[in-house]
Amino acid sequence: EDDARDAAAMRRDAAAAAARGDHTTAVAEQFRAIARGLAERLLVTVTPGTTASGFAARAGDVFPAERARLGAASVVFDGVRYLGREGTAEEYRELVALDDGLRAAKARLEGVPA
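Just so you know, these numbers come straight off a predicted model, no measurement behind them. (Residues numbered from 1 in each chain as written. Predicted model: local features only at pLDDT ≥ 70, side-chain atom pairs only at ≥ 80, totals over all residues. Heavy atoms only, no water.)

A. Main features of the packing of aromatic side chains. Inspection of the entire model under this criterion finds 3 aromatic pairs. Here Phe31 and Phe77 contribute two aromatic rings whose centre-to-centre distance is 4.8 Å and whose plane-to-plane angle is 25 degrees, an arrangement assigned as stacked. Of this pair, Phe31 sits in helix α2 (residues 23–40) while Phe77 sits in helix α4 (residues 67–82), and the two are 46 residues apart along the sequence. Since its relative accessible area comes to 5%, Phe31 is described here as buried. Between Phe77 and Tyr82 the ring centres are 6.2 Å apart and the planes differ by 85 degrees, which places this aromatic pair in the edge-to-face class. You can call Tyr82 exposed: its relative accessible area is 55%. Every member of this aromatic cluster is reached through a ring pair, and the members are Phe31, Phe55, Phe77 and Tyr82. (Phe/Tyr/Trp six-rings, centres within 6.5 Å; stacked < 30°, edge-to-face > 60°. Helix = DSSP H or I, 4+ residues; strand = E, 2+ residues; numbered from the N terminus. Buried < 20%, exposed > 50% of the residue type's maximum accessible area, 1.4 Å probe, protein only.)

B. Quick peek at the side chain of Asp99. You can see Asp99 is positioned in helix α5 (residues 89–104). Once residues lying within four places of it in the same chain are set aside, the contact partners of Asp99 are Arg11, Gln30 and Ile34. (Contact = heavy atoms within 4.5 Å.)

C. View of the nonpolar core. Judged by nonpolar contacts, the single largest core of 28 residues is most densely connected at Leu38 and Phe55. When residues of this core are traced back to their parent elements, those giving at least two are α1 (7–19), α2, α3 (52–62), α4 and α5. In terms of residues, this core owes the most to one element, α2, which gives 7 residues. (Core = buried A, V, L, I, M, F, W, Y, C linked by side-chain atoms within 4.5 Å.)

D. Structural view of the pattern of salt bridges. For the structure on display, the rule yields 10 salt bridges. A salt bridge links Arg67 to Asp61, with the shortest nitrogen-to-oxygen separation between them at 3.2 Å. A residue is classified by how much of its surface remains accessible, and Arg67, at 37% relative accessible area, is partly exposed. A relative accessible area of 25% places Asp61 in the partly exposed class. A salt bridge links Arg103 to Asp100; its shortest N-O distance comes to 3.8 Å. Separated by 3 residues within a single helix, Arg103 and Asp100 lie in helix α5, roughly one turn from each other. (Salt bridge = Lys/Arg side-chain N within 4 Å of Asp/Glu carboxyl O.)

Next comes the structure, spelled out in structure tokens:
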């Protein structure tokens, strides 16, 4: 998409949405922050048309220990973004924890498709 914000700005926007009780927006913004953050670190390529599940699969190749959480996060994102489901505070907190963990984790790059 044509969103020029960096991951840090997306995280701030997600936190602001959560603070005002808009967990649907918070969940969507936090998932976007995860994707943007890994793209900024040049660990996962995200191109126009990349789906949430496609991103999760690519990120799971780089962070195999987080593959299941990334897949679950993509389902949550799709639910709030495309299926009209309300996000929850717990989902937002889980995405923040996932993001924090990915930011601290060492990427596995050997054997990952280019």
